Amino acid sequence: MAVADSDRSLELQQSGAPARERLARIWEGEAGLRGWLSTVDHKEYGKRYIATAFIFLILGGLEALVMRVQLAGPNKTLLTPEQYNQLFSMHGLTMIFLYAQPVLSGFSVYLFPLLLGARDMAFPRLNAFSYWIYLFSGLFIYAGFVLGYGPNDGWFNYPPYASMRYNPGPNMDFYAIGMILFGVSSTAGAANFVVTFLRARAPGMSINRVPILTWGTVTASFGILFSVPAVSLAFFLLWTDRQFGTDFFNSGQGQPLLWQHLFWIFAHPWVYVVVLPAMGIVSDALPIFCRRPLVGYTVVVLATVATMVMGFGVWLHHMFATGIPYLALSFFSAASFVITIPSAVAVFAWIATIWTGRPVLSTAFLFFAGFIVMFTLGGVSGVMTAAAPADQQLTDTYFVVAHIHYVLIGINVLAVMGGLYVWFPKMTGRLLDERLGRWNFWTVFLGFNIAFLPMHWTGLAGMPRRIYTYPEGLGWTAVNVVTTIGAFILAAGVLLLLVNMYVSRRHGAAAGPDPWGGPTLEWATTSPPPTYNFAVIPAVASRHPLWEGSLDESGERSSLQRGMILDDGKEMLTTTALDAEPDAIQKMPPDTLAPLLAALAATALGAAALLHAWIGATIFTLLLFAALLVWLWPQRAMGQISEQAHV
């Protein structure tokens, strides 16, 4: 990024065909494979995030189906214990790390600049790097799995089983290094979201006019910035324990429980990282189908921030069974109860929005209504585990498995599917088929509840999680059969969504710029948007720029067709953090292969470290620095080199 010091006149101009053609020439990238690899357009990476996350969702789902077949009856031998261990570990990390957060990042990367009235993310190259290294981290972990060295200690990776003494293969090393790479990706993406939120909003979009989706994403981003360093450090220390004999988590002079502290102080906030942006999707999209603004915008924003802050104070409730002191049990149990309050605020706001609105029963609305039901059920089962005495009984049973799936699938997946029905037309210019969509919703909703509601009973009946089989006569068989049937129905529902996307992408009805009559800025541009997003920089006068006529809340009106064009090269306007007053013109970087090459070099460095190939590691470190030099080398066109002195 560079900021121009130009003193040229910034007259407001009307958007028109000549301006659009000029902007298209400036912002269009190179065609072909090189252009696909080197682009820094946020819309491309938003779609790639979503597509990649769905591929990982399918892989994680297939792993779950194999496990469900194994558990459908007693004493089954489809899988060996080691194969089952690897499958449930890969399933967990795939869904939690490689699907749940990246798919929400995909929505945010695509929508952030459009919602904020900007032309791109604040750091387009960092955005590209974040995607590439996310992709390579997933491929790195899956490479170990394909070679027979998948993680086999669960996604939580507890020592001492994760230590070299009990787990001598490279399984945990693939996981540890892959997670360090993934941490780089999520940290880079989070920093980009925070800066974009603070400095790239349209003029007039003050902090109290920002769409809730961006609040959810930026709050989660702060959570990532504070939590991911803990787990990245933990994985690095575990790797040194395993490879160089350090003693951080070993049961000798080290502390296995230290791992649990470092892991859960990351992993519990991570739950909100994969939930808050999903809540933002619902808070922004549900009002469109209720034909009224969200009830309680301010309290919902405050509740979003409060949930993330309090999320850092409840990590110990995952460790109630580890023998911690009663005083700590009491404190963290109370904190776990209190965190339900901000979550309940959002639920009541959504219900009030539906109750006082004029709901349109579209497929998207059905997904959002289902989301509210699942959010409530998942929250209630979470409250039960907040009570330390109950948690002592429920720990490591299938009750906890049911709870986490209600939280992660019920909240994340339903919001994502609903969001696809809303914004797929913006991304492609085509509407998803509504009839197929209703089949999609009901199949997912029924399959999900048939699969996971009985798991509460399975857990209360005493079935431990993470067992690869069980004997006859324990009363678990019938419930497991029902769960397995439900899992296959749920998979059929996901398949229906993919079929709908494939068919509608080619034959769906044309969407037009604003098929739903939405209130926010992304609906003010074409579907799909041009590479430059907006022909003129919009100026915002309210929280709902496109509903100002019908709401008539004040005499002010947003300016969407007349504004600054900014066509002296790739440029974007930066604004002040609170009031969004115009501050400077940001010169945007051209397309480049540097982010891709840097991500490749970092991944190769991780592979060399895995193999103890230290000469290779040195070479890849130098290549990484070379790619960063190319990336950051000052350019005169971006105002990063001062003018030569006149003699």
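The sections below set out a description of the structure shown in this document. (Residues numbered from 1 in each chain as written. Predicted model: local features only at pLDDT ≥ 70, side-chain atom pairs only at ≥ 80, totals over all residues. Heavy atoms only, no water.)

Re the overall build of the protein chain
Consideration 1: Of the regular secondary structure elements, the protein chain holds 20 helices and 6 strands.
Consideration 2: Its C-alpha atoms give the protein chain a radius of gyration of 25 Å, within 12% of the compact-globule value 26 Å for 647 residues.
Consideration 3: Expressed as a percentage of its 647 residues, the buried residues of the protein chain come to 58%.
Consideration 4: Expressed as a percentage of contacts within the protein chain between residues at least 6 apart in sequence, the contacts between residues at least 24 apart total 81%.
Consideration 5: Roughly 25600 Å² of accessible area belongs to the protein chain as shown, and the carbon and sulfur atoms make up 68% of that amount. (Helix = DSSP H or I, 4+ residues; strand = E, 2+ residues; numbered from the N terminus. Rg over C-alpha atoms; globule rule 2.2 N^0.38 Å. Buried < 20%, exposed > 50% of the residue type's maximum accessible area, 1.4 Å probe, protein only. Contact = heavy atoms within 4.5 Å. Areas by Shrake-Rupley, 256 points an atom, 1.4 Å probe, with all protein chains shown as cover.)

Quick notes on the nonpolar core
A general tendency of soluble globular proteins is for nonpolar side chains to be buried together.
Consideration 1: Formed by 178 residues in total, the largest nonpolar core has its most connected members in Phe97, Trp155, Trp270, Trp350 and Phe371.
Consideration 2: The element that contributes the greatest number of residues to this core is helix H4 (residues 81-116), accounting for 21 residues.
Consideration 3: The next biggest cluster of nonpolar side chains, apart from the first, holds 11 residues, and it includes Ala19, Trp27, Ala118 and Ala200. (Core = buried A, V, L, I, M, F, W, Y, C linked by side-chain atoms within 4.5 Å.)

A few points about the environment of valine 481
Consideration 1: Within the secondary structure layout, valine 481 lies in helix H17 (residues 477-507).
Consideration 2: Accessibility expressed as a relative area gives 34% for valine 481, which makes it partly exposed.
Consideration 3: Spatially, the C-alpha atoms of valine 481 and alanine 191 are 45 Å apart, while their sequence positions differ by 290 residues.

A look at the pairing of strand S6 (residues 582-587)
A regular strand places its side chains on the two faces of the sheet in alternate fashion.
Consideration 1: The pairing of strand S5 (residues 571-575) with S6 spans 5 bridges and is antiparallel. Across the sheet, residue leucine 573 finds its bridge partner in S6, namely isoleucine 585.
Consideration 2: From the end of S5 to the start of S6, which pair antiparallel, there are 6 residues, and alanine 580 there has a positive phi angle of about 55 degrees. (Pairing = 2+ DSSP bridges.)

Observations concerning helix H19 (residues 594-611)
Consideration 1: Over its 18 residues, H19 runs 26 Å from end to end, which matches the ideal 26 Å to within 8%, given 1.5 Å per residue.
Consideration 2: Counting buried residues in H19 gives 13 out of 18 residues, a clear majority hidden from the surface.
Consideration 3: Looking one or two residues past H19, histidine 612 carries a phi angle of roughly 60 degrees, positive in sign. (Expected span 1.5 Å × (residues − 1).)

Things to note about the packing of H4 against helix H6 (residues 171-199)
Consideration 1: Put simply, H4 and H6 touch, their axes get as near as 11 Å, and they point 15 degrees apart. When the axis of H4 is compared with that of H6, the two are roughly parallel. When you trace H4 past H6, the crossing you get is left-handed. Together, Glu82, Gln86, Leu93, Phe97, Leu98, Gln101, Pro102, Ser105, Ser108, Val109, Phe112 and Leu116 of H4 and Asn171, Tyr175, Met179, Phe182, Ser186, Phe193, Thr196 and Phe197 of H6 make up the contact between the two elements. (Axes fitted to C-alpha atoms, helices over the stretch in contact; angles between N-to-C directions. Parallel < 35°, antiparallel > 145°, perpendicular 65-115°, else oblique. Left-handed = near helix turned anticlockwise from the far one by under 90°.)

Topic: the pattern of salt bridges
Consideration 1: Enumeration over the complete set of coordinates arrives at 12 salt bridges.
Consideration 2: The closest approach of N and O atoms between lysine 43 and aspartate 41, which form a salt bridge, is 3.1 Å.
Consideration 3: The exposure class assigned to aspartate 41 is buried, which follows from its relative accessible area of 14%.
Consideration 4: Measuring nitrogen to oxygen at the nearest pair gives 3.9 Å for the salt bridge that ties lysine 570 to aspartate 591. (Salt bridge = Lys/Arg side-chain N within 4 Å of Asp/Glu carboxyl O.)

So, the environment of isoleucine 207
Consideration 1: Of note, isoleucine 207 is situated in the loop between H6 and helix H7 (212-244).
Consideration 2: Sequence-wise, isoleucine 207 and aspartate 433 are 226 residues apart; in three dimensions their C-alpha atoms are separated by 36 Å.
Consideration 3: Those residues in contact with isoleucine 207 that lie beyond four places of it in its chain are Phe197, Arg201, Trp215, Tyr297, Ala577 and Leu578.

Section: empty space enclosed by the protein
Consideration 1: Tallying each qualifying case throughout the model produces 4 cavities of 30 Å³ or more.
Consideration 2: Approximately 170 Å³ is the volume found for the largest cavity.
Consideration 3: Contributing to the lining of the largest cavity are 21 residues, with Gln101, Ser105, Phe193, Ser221 and Ile224 lying nearest its centre.
Consideration 4: When contributions to the lining of the largest cavity are tallied by element, the ones reaching two or more residues are H4, helix H5 (124-146), H6 and H7.
Consideration 5: Among the elements that line the lining of the largest cavity, the one with the most residues is H4, at 6 residues.
Consideration 6: Split into classes, the residues belonging to the lining of the largest cavity amount to 11 nonpolar, 10 polar and no charged.
Consideration 7: Space inside the second largest cavity adds up to approximately 60 Å³.
Consideration 8: Lining the second largest cavity, in full, are Ile212, Gly216, Leu276, Met279, Gly280, Ser283, Val300, Thr304, Ala346 and Trp350.
Consideration 9: The set of elements that each furnish at least two residues to the lining of the second largest cavity consists of H7, helix H9 (276-290), helix H10 (297-311) and helix H12 (340-356).
Consideration 10: Looking at the lining of the second largest cavity, the element that brings in the most residues is H9, giving 4 residues.
Consideration 11: Grouping the amino acids of the lining of the second largest cavity by side-chain chemistry returns 6 nonpolar, 4 polar and no charged. (1 Å grid on protein atoms, 1.4 Å probe; cavity = no way out; pocket = protein on both sides within 12 Å on 5 of 7 lines; lining within 4 Å. Points joined across faces, edges and corners; volume = space filled by probe spheres on them. Nonpolar A, V, L, I, M, F, W, Y, C, P; charged D, E, K, R; others polar.)

Focus on helix H11 (residues 326-338)
Consideration 1: When the terminal C-alpha atoms of H11 are compared, their 18 Å separation across 13 residues agrees well with the 18 Å that a helix rising 1.5 Å per residue should span.
Consideration 2: Where H11 is buried, its residues contact H12, helix H13 (363-386) and helix H14 (388-394).

Description of the side chain of asparagine 171
Consideration 1: Tracing the sequence through the fold places asparagine 171 in helix H6.
Consideration 2: In this structure asparagine 171 comes out as buried when scored by relative accessible area, which is 5%.
Consideration 3: The residues touching asparagine 171, leaving out its near neighbours within four places in the chain, are Glu82, Gln86, Gly148, Tyr149, Gly150, Pro151 and Asn152.

Digging into the packing of H4 against helix H8 (residues 256-273)
Consideration 1: Two elements in contact, H4 and H8, have axes separated by 10 Å at closest approach and are oriented at 40 degrees. Relative to H8, the element H4 lies oblique. Mapping the contact onto sequence places Ile96, Phe97, Gln101 and Leu104 in H4 and Phe266, Trp270 and Val273 in H8.
Consideration 2: Its residues placed into classes, the contact of H4 with H8 shows 6 nonpolar, 1 polar and no charged.

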